[in-house]
Amino acid sequence: MKWPASVHIIPWLLFPAVSAGAFEFSRPIENPRSLREEFLAVTLDSLVYSHTRDGFADLRLVDQANSETPYLIDQLRSRRNETTRKFSKARIVSLEHSGSRAIEIQLGLNPDDPPAQGLKLYTPLVNFEHRVRVFGSMEGTRWSPLVEDAVIYDYSKFIDLRNSEIALPVNAYRRLKVRVEEPIQDYESENLELTRELEQGQEQARRESTQIRRMPLRIDRIDYWHSLVEPGPAADTTLNYPITAFNASQDEARRRSIVEITTQREPLTAFTIQISDRNFSRPAAVEVREIGQDGTPSWREIATGTLQRLSFRALHREQLRIGFPEQRHGQYRIVVRNDNNPPLQITGVQARGNGHRLLFFAEAGKTYALNYGDESAKAPVYDTASLQAALAASYQPAPVEAGPEAPGRNPAKKPGFDLAVWVNSDLFLGGVIFIVVTILAAALVYAGKRIDESQG
């Protein structure tokens, strides 16, 4: 029976000294006493995940006097560097040409730009192919080869494929010379000219001819580029987590394979299934085990996917990962649909998920510990504005670790009679309500009799 929230006040009014809070585990923060305030971070591990509730309502950070210290739970994130190209328009110093054999274009870099890492030629032409050589010089008199045999091309006639860029090796040159071999090329016209000779309506001879066009390579401009490495946007950092138990079985009646997985309630986001077979594609679903209000266990689907490995000649494709929104459960299962196919040989599972860290300001001269593991603890409400401001200002917390797990200072009671649990039970609440109602009914009866006696 579900009692209203107000009803639960009654036992606390009758038994105000009864308390249900007790943290079962404690771990010291391995950080020597500091002489100044520090910004620290403790990465949560499987032990913490295994014995805490969703949302970490039963996680406390305390000092040596067992006083709570405000903390902030932050998801592990990392920034990956992104490489981009910065293009600059090259300054044309000179142009030399020797008819249809070659042209040489001498380029100058802007004074403030770093050395060029590549060139890009802009041309409106299509359907061409030209070989290019590139030389470098500091002052424009003595030239050293940089690229001996590059090719710029456009094969639009056959396929959507074009390249007009030339990568350069590492260099320090401020002048570049681009030599284009055979800048004027002959192209056969796509139009065929047909000449027929007729005599009295009969064809006597036929001649076919095509036109040859001379096409010079027109270059509108040449840019050079150098690479810029900049920090990219922050992205979630995922970690590998251990599987504590794994079992693969066959449900022959329903033609499916079932993989049962036990974890320590880490914040998982994906499973990768290890399969020894080749050439398969099977639908699969990830399910979590839940206990209903009536105590009955059931399975709930959280994700679906296709397990696939294709390997035939030049065809190679593999997808053995199924992702899902972050979950913290102790038991999962993966259901693979086989239909009329033989079961797959499933040899293992790898789990991957998000990571979290606990951030706090450590005061000078104090030591700290993590307390956790209490089914009745309420989520704390801390003032974390200063911690969030430190993160926003790009202050990096110093990493520290939690030590070995030990019984908490207020360890949970051993199995047996627990007064706090009994006081909060439906049986006790029902008994209290029955007693209160009985007393009120008796009082009403007594009051009624007194009224009747006074009127008589």
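In this text, all values refer to a predicted model and were calculated from it rather than measured experimentally.

Each value, and the rule that gives it
- Residues numbered from 1 in each chain as written.
- Predicted model: local features only at pLDDT ≥ 70, side-chain atom pairs only at ≥ 80, totals over all residues.
- Heavy atoms only, no water.
- Helix = DSSP H or I, 4+ residues; strand = E, 2+ residues; numbered from the N terminus.
- Buried < 20%, exposed > 50% of the residue type's maximum accessible area, 1.4 Å probe, protein only.
- Contact = heavy atoms within 4.5 Å.
- Pairing = 2+ DSSP bridges.
- pLDDT = per-residue confidence, 0-100.
- Salt bridge = Lys/Arg side-chain N within 4 Å of Asp/Glu carboxyl O.
- Core = buried A, V, L, I, M, F, W, Y, C linked by side-chain atoms within 4.5 Å.
- Patch = residues over 30% accessible without salt bridge, like charges linked within 9 Å, V, L, I, M, F, W, Y side chains within 5 Å.
- Areas by Shrake-Rupley, 256 points an atom, 1.4 Å probe, with all protein chains shown as cover.
- Phe/Tyr/Trp six-rings, centres within 6.5 Å; stacked < 30°, edge-to-face > 60°.
- Lys NZ or Arg CZ within 6 Å of the ring centre and 35° of its normal.
- Axes fitted to C-alpha atoms, helices over the stretch in contact; angles between N-to-C directions.

**Digging into the overall build of the protein**
Then comes step 1: When you go through the protein residue by residue, the secondary structure sums to five helices and 30 strands.
Then comes step 2: Across the 456 residues of the protein, 36% fall into the buried class.
Then comes step 3: Taking the intrachain contacts of the protein between residues at least 6 apart in sequence as the baseline, contacts between residues at least 24 apart amount to 78%.

**Description of the sheet that holds strand 11 (residues 162–163)**
The pairing of strands in a sheet happens through backbone hydrogen bonds and is either parallel or antiparallel.
Then comes step 1: With respect to topology, six strands assemble into an open sheet ordered 6-7-13-9-10-11, the strand pairing being antiparallel. Only two strands of the sheet have a single neighbouring strand rather than two, namely strand 6 (91–97) and strand 11.
Then comes step 2: Sheet analysis places strand 7 (residues 102–108) next to strand 13 (residues 175–181), joined by seven bridges and oriented antiparallel. Looking at the pairing, glutamine 106 lines up with lysine 177 of strand 13.

**Quick look at the confidence of the model for the protein**
Then comes step 1: Scored by pLDDT, the protein comes out at a mean of 86, with 84% of its residues at no less than 70.
Then comes step 2: The secondary structure element of the protein with the lowest average pLDDT is helix 1 (residues 9–14), at 41, and the one with the highest is strand 25 (residues 331–337), at 98.
Then comes step 3: Counting contacts from residues 1–21, a segment whose pLDDT is below 50, to residues more than four positions away or on other chains yields 27 contacts.
Then comes step 4: Counting contacts from residues 411–417, a segment whose pLDDT is below 50, to residues more than four positions away or on other chains yields seven contacts.

**Some points on the pattern of salt bridges**
Then comes step 1: If you walk through the whole model with that rule in mind, you get 22 salt bridges.
Then comes step 2: Of the charged contacts, one joins glutamate 290 and arginine 300 as a salt bridge, the two residues approaching to 2.8 Å between their closest N and O atoms. A residue pair is termed long-range when its members are at least 10 positions apart, and glutamate 290 in strand 21 (residues 280–291) and arginine 300 in strand 22 (residues 297–312) qualify at ten residues.
Then comes step 3: The partner of arginine 337 in a salt bridge is aspartate 339, with the nearest N and O atoms 3.3 Å apart.

**A closer look at the nonpolar core**
Then comes step 1: Phe271, Val286, Ile334, Leu358, Phe360 and Leu370 are the most contacted members of the largest nonpolar core, which has 43 residues in total.
Then comes step 2: Non-local contacts of leucine 370, meaning those with residues more than four positions away in its chain, are made with Phe25, Ser26, Arg27, Ile29, Val42, Leu59, Arg60, Leu61, Leu358 and Ala402.
Then comes step 3: Counting residues in each nonpolar core, the second largest holds 25 residues, with Ile103, Ile105, Ile152 and Val178 among its members.

**Remarks on a nonpolar patch on the surface**
Then comes step 1: Together, Phe158, Ile159 and Leu161 give the surface a local cluster of nonpolar side chains, amounting to about 340 Å² of exposed area.
Then comes step 2: Considering the arrangement of structural elements, one finds leucine 161 in the loop between strand 10 (144–154) and strand 11.

**A few points about the pairing of strand 10**
Then comes step 1: Bridge analysis of strand 9 (residues 128–137) against strand 10 gives eight bridges, and the strand direction is antiparallel. Within strand 10, the position partnered with glycine 136 by the bridge is serine 144.
Then comes step 2: Hairpin connection, strand 9 to strand 10: the antiparallel pair is bridged by six residues, and glycine 140 has positive phi, about 95°.

**Let's talk about the side chain of glutamine 327**
Then comes step 1: By secondary structure assignment, the location of glutamine 327 is in strand 24 (residues 321–327).
Then comes step 2: Given a relative accessible area of 11%, glutamine 327 falls into the buried group.
Then comes step 3: In contact with glutamine 327, not counting residues within four places along its chain, are Glu266, Pro267, Leu268, Val288, Arg300, Ile302 and Tyr332.

**Thoughts on the pairing of strand 16 (residues 221–236)**
Then comes step 1: Alignment of strand 5 (residues 77–89) against strand 16, held across twelve bridges, turns out to be antiparallel. Each bridged residue has a counterpart across the sheet, and for phenylalanine 87 the counterpart in strand 16 is tryptophan 225.
Then comes step 2: Sheet analysis places strand 8 (residues 118–122) next to strand 16, joined by five bridges and oriented antiparallel. Bridging from a neighbouring strand, tyrosine 122 pairs with arginine 221 of strand 16.

**Digging into the packing of aromatic side chains**
Then comes step 1: This structure, assessed with the given rule, holds eleven aromatic pairs.
Then comes step 2: For the pair tyrosine 71 and tyrosine 382, a centre-to-centre distance of 5.3 Å together with 65° between the ring planes defines the contact as edge-to-face. Placement of tyrosine 71 in the loop between strand 3 (59–63) and strand 4 (72–75) and of tyrosine 382 in the loop between strand 28 (368–372) and helix 3 (385–392) is noted, with a sequence separation of 311 residues between them.
Then comes step 3: Using a relative accessible area of 7% as the deciding quantity, one classes tyrosine 71 as buried.
Then comes step 4: In this structure an aromatic cluster arises from ring pairing among Tyr49, Phe56 and Tyr241.
Then comes step 5: The aromatic ring of tryptophan 225 is capped on one face by arginine 85, whose charged end is 3.7 Å from the ring centroid.
Then comes step 6: Geometry around phenylalanine 135 places lysine 177 over its ring, the cationic atom sitting 5.6 Å from the centre.

**Quick notes on the side chain of serine 46**
Then comes step 1: In this fold, serine 46 is placed in helix 2 (residues 46–51).
Then comes step 2: For serine 46, a relative accessible area of 15% puts it in the buried group.
Then comes step 3: Once residues lying within four places of it in the same chain are set aside, the contact partners of serine 46 are Tyr241, Pro242, Gln264 and Glu266.

**A few points about unusual backbone geometry**
Then comes step 1: Phi is positive for asparagine 279, close to 55°, though the residue is something other than glycine.
Then comes step 2: Relative to the assigned elements, asparagine 279 resides in the loop between strand 20 (268–275) and strand 21.
Then comes step 3: If you check the backbone angles, aspartate 339 has positive phi at about 55° while not being a glycine.
Then comes step 4: Exposure remark for aspartate 339: the relative accessible area of 37% places this residue in the partly exposed category.

**Re the sheet that holds strand 16**
Then comes step 1: In spatial order, the strands read 5-16-8-12; together these four strands make up an open sheet with antiparallel pairing. Each end of this open sheet is capped by a strand with a single partner; those strands are strand 5 and strand 12 (165–167). Along the sheet, successive strands turn relative to each other by an average axial angle of 30°, direction set aside.
Then comes step 2: In this structure, strand 8 lies alongside strand 12, joined through three bridges in antiparallel fashion. Among the inter-strand pairings, lysine 120 is bridged to a residue of strand 12, identified as glutamate 165.

**Points about the environment of isoleucine 184**
Then comes step 1: Among the structural elements, isoleucine 184 can be located in strand 14 (residues 184–199).
Then comes step 2: For the pair isoleucine 184 and methionine 215, spaced 31 residues apart in sequence, the C-alpha separation works out to 5.5 Å.

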